[in-house]
Each structure stands twice: as C-alpha cells, then as structure tokens.
Amino acid sequence: MATPFTGPNADRTRRWLPLATLVILMVVVGVMQPTFLYPATLLQLASDTAVLFILAAGVTFVIMLGGIDLSLQSMASLASVVVALTVAQLGYGSFVLAIGIGAVAGLLSGLAHVKLKVPSFITTLAISGVLFSTALVISGERSITLGEADRNYQAWITGSFFGIPGVIIIGFVVFVLASVLQSRTPFGRYIAAIGAGEPAAYASGVRVSRYKVYAFILSSTLAALAGVVLAGRLASGSPTLAAEMLLPSIAAVVVGGTAITGGVGSIWQTLVGSLIISVVRIGMTFLGVNIFAQNIVFGTVLIVAVAITIDRSKIPIVK
Amino acid sequence: MTIAAAPYALSLVNVNKRFPGVHALKDVTIHIRPGEVVGLVGENGAGKSTVMKILSGVYQPDSGEIEIGGKAVSLASAYDANTKGIGMVFQEQSLLLNLTVGENIYLGNEAQFTRFGIVNWRDLYAAAKRQLAKVHVDIDPRSLAEDLDFATRQMVELAKALTLEDQVGGGHLVILLDEPTSVLERAEIDILFARVRALKARASFVFVSHRLDEVLELSDRIYVMKDGAVVADLPAAEANIPALHQLMVGRSLQAEYYREPLQRPYRDEVVLEAKGLSLAGGFTGVDFMLHRGEILGIAGVVGSGREELTRTLAGFAPHDGGQLIVGGREVHITDPAVAVDLGLAYVPRERRLEGLVLFLSVAANVTLADLQRLTSYGLIKVAEEKRLVKTWIERLNIKTPSVNTLCLNLSGGNQQKVVLAKWLNTKAQILILDHPTRGLDVGAKEEVYEIVRAITAEGIAIIVTSDTLEETIGLSHTVLVMRDGEVRFSTDAQPGHKPRQVDLIQHMV
C-alpha cells in the first residue's frame, strides 16, 4: 500500500511536510485571528519560540546520534536558580557559572552513557533527578525573584536592539552556530554517521565515544543557556521554571522531521518544528484551550510525528 | 516398490532466486527421499544457505516449485514451514538461553498445554521429557538452556525439531541441519551423528557442513553446488574428498580471472610485521612479514583464527601477546581509529553494517575516514569534497546517479567500491580485505580484482581473507594457512609458483 509516507516519494514528502504544516497552521490561525499576522505578534511569536528552540537545538544533536536527553528541563530550571542566586555577587559571571554547570552535567551524562554503557535515556533521566533535587535544595524549594539592581545584567535578554528583542537575537545566533556545526563541520557529519550506522563509523576510525560525549555536553550546555534566558525573561529563577518544556522540546525536534532513531535531521528542521509547536500553542490559546491541557496535544503530536518520520520498512524492530 | 518410486519427502524443482545484482539460485532441483540424509556442499556463495532459507520458509523462490510428498506447496514463513513438517537446527543456535529447556522446546506451541490462558507446566515438562528421550538426552527439562554445553543444546534443538511430528499428525519430517557441527568436539559430533542415523526412521535430513569428511560420513547422497547451480548429485558411497572438491571449484584456476599478468613482484620494504602475535581465544604465536606491494592471503576454516587475526589488525580486538610492528614501530592497535592513524584500512566482511553508513550519501561515505584533512578553520570544504569524491567515482568506475545518492541505493559491487574509495582516499598503505568479494557477482568481483592489482602496483600492501581458496591463491603473493589459531603453513604464491588447493587443504583440516 503506497501512502504518502511509504510510497516512492516518501522521502520528499517527509522533508517538506513540516514546512508545509507550519505555513498551513499560520494561515489557519491568521484567518481566525488576523492580528496574528501583524509584525508585533510575529515578533512575540519569535520571542516565545526562542527558549524552546534553544532547548530543541541542543537535543537535536543527541537525537541525531540515536540517543535522547531527558535532563533538559531540569538543567534549564537549575540554571535559572543558579543565576537568580548568584547574579547579585557574580554579575555576568553568574551566566558563565550556570552554563558551565550545564557543560559539566552533559559531560557526566555522556561519560556515564559511553563508559558505563548505560542507555542515554537512563543516564539523562538519572542526571535529571540529580539536577532537579539540586535546584530544589539550593533554592530552598521556592521561586527567587531577581532584584531590581540585578535586572540590569539581563538587558541582553530583555532589551531590544534596533527594535528586535534580544531573546530573538540570542535564538538566531544559536541557530546559525548550531546549523554550521551540524551541516558544515566534521562533528556534525560524525554525529549523523554514528546515528545512521555506528558500526561503520567506528570501523572508519571515527572516535565514536568522544563525539557522543560532545553531543551530550552541547545539549546540556544549550539547556543551561535556555534556563539563563528564561530566568531573564521571567525575572526569576525557580526549580520548576522549565518544568513543562521537555515534551514540547522533543516534540519540536521530531515534528521538524528529525528521526528519533538517529541519522537523519537538521537544525533548520528543528527551527521549523519549534515554530510549529509555538503556533499550535498560540492557536490553542486563541481557541481557548486550557493552558494545562496543552501537553495533551503535544503528547499526541509527538507520537503522530514519530510515526510519520520513521520509515518502518527500513526498521523492522522498534523497542 | 523401490525407493526411487516412492514420493519424495521434499523437493525443490527448477527453483530460481535473485537478489539485487546476484542470480543466487539457477534452476535448482533437489529431491529428498523419506529417511534419507542428503548432504549439500559447495563453496561460500554457491547457494547452500539460500537453498536452506527457501526450504525453511525464510525466502520465497522467484520461480520453480517446492513440493512436499509430490504436492506443490508454498512456505510463507519459518512458522509455515514448521507446520508443514520442516524443522531446523541452525549453526547459530536458536535456543533462548534465559528460558528453560522445556520452555524452549515448546516455544510458540504452548497452546496444547494451556487452559484459560494458564500454562500447565507439569504437562509441558513431562512432554518435553518425552521429546528429550527421543534423542536420548537425559537432562531435567526445567534446567536453563544457558547451563547446558553446546552439544547438549544441539540435542535440545533436535528434540525441539522433532515436536513437529505431533503437529503434522505422524506425517514425515524433514530436518535441516545447517553447520550443526561447527561448535562441537569430535566426540560430540559422533553422538550427534549417531542420533541422526537413529532418527532416520522418523525423519529425513538435509545436512550442510564445510567439513567434507563429515558430509561423506553422514550423508546417503550428496548434492554439489557451484555458483548457484547444482553441478552434481551423487551417492556418498561413490564420492571422495578430492572429487567433491574438484566439483565444487569447477574450473581449474583461471589466471586471467585474477588478473595474474598484472601481478607485480612485491618490494623489499617491510610495512608490517607480526612476531609471536597472540590473542587469547583467537590465535597464538603468529609470525609473518608484509612487504610493500605484497598481497598476503590467509587461508583457514571457520575457527582457524584467521578472522580474529584480521579483526586484531583492524583494531577491534587488540592483541595480548607478542609484537606488532607497523612502519618500523611497535604498535598496539587498541581501536580502529588507531589503525586508521597508522595507515591501516579495513574493508569488512559485513559491508552493509561496518563498511558503509547506508543512510549517508556516497560523498559522506567516501570522506568519512579522512574528513579532518578536508577542513579549514574547522569547516568542511564542501566544494572540494564534492570534487574529490567525483574523481574517486571516476577512478573506480562507481556507478551512482550522483555524489549525494544514499549508499543504500547502490548495488553490492558499487558499495564495495565506495568502501575502497574511502580507504584509498585516506592514503592508507595497508589494506585488510576481509572477504572482499562476498556476495558480489562475477563482474563486480573482477572489478575488485582489477582495483586490487592497480593499488598493489602503486605499493599498497594487502592482507586478504577470502571465501574461496581459489581467490586466495589467485590474488596472493604469499599464502599463510591457519588452523586452530596457529600458522601451520606458509608458501610463496607468485605467478608461476601458485600452490594447488590440495596443497593448502591438507594443512587446513
């Protein structure tokens, strides 16, 4: 049976489906609510997407490897707490500290994965618990609001440059760097090769373990950056600040067309996926869907997207 | 009524099977009479395993008939073959080691012991005990499969195959034995053979083995296969090892086929030397020298240690004794990446698993092992990569629609050329060819030989293990014969001094 997802043009369908979905969604929401397509609303959409995209961009590398990083939201929350607690003393150094903790957490997840040969969903789930508890303990289990004086340090996030919000610029810089890394460097090529055929990559002399660890460091570091940005936008740090972001982040990667089984994908696709998630979120708000019910939709979308992006004729057994 | 007039228990009639680029079976006709042990011999790639897979329902023939008791049937799956009375005992033992013997014997057939979804274990184990008695194995069916030795596991598999008797309602069974002796000791083999003979009243057998002596010993009749076709059908009593071997190889060595006129003498410079090289469980005390431009063939049967030796040189299993000297320096190849850095390249037997990343493009595969050299300021020079890959496509005559085509979509021969291009692109000076022509058709093989001759003329040294002795002898300057983990024989094999296959076989088995 040749459906659009199994027939001869399946690969092309898969490649363009996410972008087509985004355009259709924007048109649908725009028709329902014409103000949606005003520049101001679109800038707001981009700002709202930035944090999600930064999280999703990092985990894209891990997913392309064929792994997963479940510690994203805990890492982002912990980073927000670290910033909130230390920005008064360390100033800009608090951002460096928070992001540095992200790198270390990623290193630990990665090492546990490759050295102890523990599946990444377990190592990152475990690290996630460690990070979450750490955030609870150091924050005293509460949300910490940034003081007036501390907010000056957040200007690069909350301010605007030539009318463009800082958060969009940060997201754009992450997009450019991650895109180059993924599509133009040996690192990006190796990640795709490992995800698509680890034994062949290994036999070709690719230092598989090393590049896997790099991918986890990158994922966790970008999660910490996302936490820093989120702390700036919300002017607070909290152990649950990014609590509902894991599912949308992974959904964004997969909706964009990156295969959960590894090997296939790109940062560009993750950007499209992130925008789809944002537009769906805003569309649901317009439709009056309870904000707490949104993960019902994202959960469903995730499963449908995985079902569409996996070419099961090539993968007989899925565990 | 003579035996010949009785209906055959199982037949293949004019069966053809093609895979992309390979005509694997050509009009194969094989008959198995009730109570008969039929031996099936041939070199690797001759079509034995394809026949076994068709008989066991794993593959379906493209044309031709499968007949049971003279009636045409189709075998849609292994399960379907089972229900029609065809059982299997495979080389890769198929018992689930974490289950008990009884659970294994009735795996998938528990329904007969099940009431309201609950298995009556006492009945199941009692029945398992009766099955084990058929093969004279006295073990507790509640013991775990992993606690049994290989020989007993083999017997359990046989007992499992015999449960099909109940399913086919007393009909005749055919049991496929695919390399059942490869992990057994001689005494265990004797027991297995005795059981098989004793079971001839209940079942027919098809026996595949690399060991011709065993085939002669056990079989009533022997089919010889070569290049996908049956070339002989003879009673075991009239056969002997040299005759079988002659039939398997067919033609006498064709010098032209292996491009022997292009074979140049190797140079004096030693590029790799093994001194007493050992690997626990693999090989011991291996000595050899590899020179620039030399092709060193390693012959040996499964278990001779030659596969482990190539894996050690490629970095998958670092040696734990002796010395390995590459380019004058003692080395320890702890990882394939170390091998690559030393200029050693490995063309693996599992081309689609270890040779290529099937889901990456031709270009990405060709440059995968040497990407760092193609970068400036950390970025891949995409235009230069494309240009480089195009020159390789031209030089090795790789047939691909574009440099961006996924390797998945290339034929086996072109895939192998991509693997070769990848390594030649690294400027590797030593190539380890692990069964380099496996699964390739004749034309693709010749192209590989052509490339091998061209690169050795440039000074690249090659270590090759082949599917056939013919290929080993045809390609090599020097041939080592390994057996039981040791080098037992070494001979010059330059044009004019090529050894005969029998000269090597006597040291192999």
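Above this text you will find the structure in question.
As the structure is a prediction and not an experimental result, all values here were calculated from the model.

Colleague: With reference to specific residues and values, describe the overall build of chain A.
Modeller: When its secondary structure is counted, chain A shows twelve helices and four strands. Compactness check: chain A gives a C-alpha radius of gyration of 19 Å against a globular reference of 20 Å for 319 residues, within 12% of the reference. Based on the C-alpha atoms only, the size of chain A along its principal axes is roughly 60 × 55 × 35 Å. In chain A, which comprises 319 residues, the share counted as buried stands at 52%. Restricting the contact set of chain A to residue pairs at least 6 apart, pairs at least 24 apart contribute 76%. Of the roughly 14000 Å² that chain A leaves accessible, carbon and sulfur atoms contribute 70%. Taking the 17 positively charged and 9 negatively charged side chains of chain A as two groups, their mean positions are separated by 13 Å.

Colleague: Requested: an account of the side chain of K422 of chain B, with residues and values cited.
Modeller: Residue position: K422 of chain B is located in helix α15 (residues 412-425). No salt bridge is formed by the buried K422 of chain B, whose closest oppositely charged neighbour, E354 of chain B, lies at an N-O distance of 9.5 Å.

Colleague: Residues and numbers for the interface of chain B and chain A, please.
Modeller: Contacts between the two partners involve 30 residues from chain B, matched on the other side by 21 residues from chain A. For the pair chain B and chain A, the summed buried surface comes to about 2100 Å²; carbon and sulfur atoms form 65% of the total. In terms of surface lost to chain A, no three residues of chain B exceed F359, L368 and I380 of chain B, which account for 23% of the buried area on that side. In this structure, the connection of chain B to chain A is made through two salt bridges. In this structure, the salt-bridge partner of E385 of chain B is R189 of chain A, at a minimum N-O distance of 2.7 Å. Counting across the chain B and chain A interface gives six residue pairs in polar contact (both at pLDDT 80 or more). Only α11 (336-341), α12 (351-355), α13 (362-367), β20 (379-380), α14 (382-395) and α15 of chain B provide two or more residues apiece to the side of chain B that touches chain A. With five residues, the top contributor of residues to the side of chain B that touches chain A is α11 of chain B.

Colleague: Could you give me a rundown of the packing of helix α5 (residues 150-162) of chain B against helix α7 (residues 186-198) of chain B, with the residues and numbers involved?
Modeller: All names here are of chain B. For the pair α5 and α7, interaxial distance at closest approach is 10 Å and the crossing angle is 15°. Judged on the interaxial angle alone, α7 and α5 are roughly parallel. Of the two possible hands of crossing, α5 and α7 adopt the one that is right-handed. Along the contact surface, α5 presents A151, Q154, M155 and L158, while α7 presents E188, I191, L192 and R195.

Colleague: Tell me about the side chain of S466 of chain B, and please be specific about residues and values.
Modeller: All names here are of chain B. For S466, the location among the structural elements is in the loop between β22 (461-465) and α17 (469-475). Polar side-chain contacts of S466 include one of 2.6 Å to the side chain of E471. In this view, S466 contacts R306, H435, E471 and T472; residues no more than four positions away in its chain are not counted.

Colleague: Now, about unusual backbone geometry: what can you tell me, with residues and values included?
Modeller: Residue and element names in this part refer to chain B. Although it is not a glycine, N397 adopts a positive phi angle of roughly 55°. When you line up the elements, N397 lands in the loop between α14 and α15. In this structure, K427 takes a positive phi of about 60° despite not being glycine. Within the secondary structure, K427 sits in the loop between α15 and β21 (430-434).

Colleague: Kindly report on the packing of helix α2 (residues 39-65) of chain A against helix α11 (residues 267-286) of chain A, identifying the contributing residues and their values.
Modeller: Residue and element names in this part refer to chain A. Interhelical geometry of α2 versus α11 gives an angle of 135° and a closest axis separation of 8 Å. Judged by the inter-axis angle, α2 sits oblique to α11. Crossing angle aside, the handedness with which α2 passes α11 is right-handed. For the pair α2 and α11, the contacting residues are L45, D48, T49, L52, F53, A56, A57, T60 and F61 in the first and I267, T270, L271, S274, L275, I277, S278, V279 and I282 in the second.

Colleague: Explain the pairing of strand β9 (residues 173-178) of chain B to me, using residue names and the numbers behind them.
Modeller: Within a regular strand, side chains alternate between the sheet's two faces. Residue and element names in this part refer to chain B. Among the six residues of β9, six are classified as buried, and the element is accordingly described as predominantly covered. Where burial is concerned, the two faces of β9 agree: the one with L173, I175 and L177 and the one with V174, L176 and D178 are both buried. In this structure, strand β6 (residues 86-89) lies alongside β9, joined through four bridges in parallel fashion. Bridging from a neighbouring strand, V89 pairs with L177 of β9. Pairing geometry for β9 and strand β10 (residues 203-208), over six bridges, is parallel.

Colleague: I'd like a rundown of the environment of H435 of chain B, residues and numbers included.
Modeller: Residues and elements named next belong to chain B. Relative to the assigned elements, H435 resides in the loop between β21 and α16 (442-457). Here the alpha-carbon distance between H435 and V448, two residues 13 residues apart in the chain, equals 11 Å. Apart from the residues lying within four places of it in its own chain, the contact partners of H435 are R306, E307, R349, T465, S466 and D467. Side chain to side chain, H435 and E307 meet in a polar contact 3.4 Å long.

Colleague: Which residues make up empty space enclosed by the protein, and what values do they have?
Modeller: Within the structure shown, the criterion is met by one cavity of 30 Å³ or more. The computed volume of the largest cavity comes to approximately 40 Å³. As for the largest cavity, its lining consists of A203 of chain A together with A314, P336, A339, V340, L344, A345, Y346 and W423 of chain B. If you list the elements that add at least two residues to the lining of the largest cavity, you get α11 and β18 (344-347) of chain B. Counted by class, the lining of the largest cavity contains nine nonpolar, no polar and no charged residues.

Calculation criteria
- By convention here, each chain's residues receive numbers from 1 onward along its written sequence.
- The lettering of chains begins at A and the numbering of ligands begins at 1, in the order of writing.
- pLDDT decides what is reported in this predicted model: residues at 70 or higher carry local features, side-chain atom pairs at 80 or more are listed and counted, and totals for whole chains, interfaces and linings draw on all residues regardless.
- Hydrogens are left out, water is left out, and the side-chain values use all remaining heavy atoms of the structure.
- Put simply, DSSP H or I for four residues or longer makes a helix, DSSP E for two residues or longer makes a strand, and each gets a number counted from the N terminus.
- Here the globule rule is a power law, 2.2 Å times the number of residues to the power 0.38, and the radius of gyration is based on C-alpha atoms.
- Residue burial is assigned from relative accessible area. The probe radius is 1.4 Å, only protein chains are included, and a residue is buried under 20% of its type maximum, exposed over 50%, and partly exposed in between.
- Residues are treated as being in contact if the distance between any of their heavy atoms lies within 4.5 Å.
- Areas reported here follow the Shrake-Rupley algorithm with a probe of radius 1.4 Å; residue values treat only the protein chains shown as occluding.
- In this tally, Lys and Arg are treated as positive and Asp and Glu as negative; His is ignored, and so are the chain termini.
- Charge positions come from single atoms, namely NZ of Lys, CZ of Arg, CG of Asp or CD of Glu.
- What makes a salt bridge here is a side-chain nitrogen of Lys or Arg within 4 Å of a carboxyl oxygen of Asp or Glu, nothing more.
- Buried area: the accessible area, evaluated with a 1.4 Å probe, that two parts lose upon being put together, summed over both parts.
- In protein, a polar contact means a hydrogen-donor-capable atom and an acceptor-capable atom, both N or O and within 3.5 Å, with residues adjacent in sequence counting only if both atoms are side-chain atoms; elsewhere, any N or O pair within 3.5 Å suffices.
- The angle between two axes is taken between their N-to-C directions and runs from 0 to 180 degrees, where each axis is a line fitted to C-alpha atoms and a helix contributes only its stretch in contact.
- Oblique is the label for any angle not under 35 degrees, not over 145, and not in the 65 to 115 range, which are roughly parallel, roughly antiparallel and roughly perpendicular in turn.
- Note on convention: the crossing is left-handed when the near helix lies turned anticlockwise from the far helix by less than a right angle, right-handed when the turn is clockwise.
- Any two strands are treated as partners once DSSP identifies two or more bridges connecting them.
- In this analysis, the protein atoms alone were mapped onto a 1 Å grid. Cavities are point sets where a 1.4 Å probe fits without being able to get out; pockets are open sets with protein on both sides within 12 Å along at least five of seven lines; lining residues have an atom within 4 Å of a point.
- Grid points are joined across faces, edges and corners, and a volume is the space filled by probe spheres set on the points.
- When residue character is reported, Ala, Val, Leu, Ile, Met, Phe, Trp, Tyr, Cys and Pro are called nonpolar, Asp, Glu, Lys and Arg charged, and the others, Gly included, polar.

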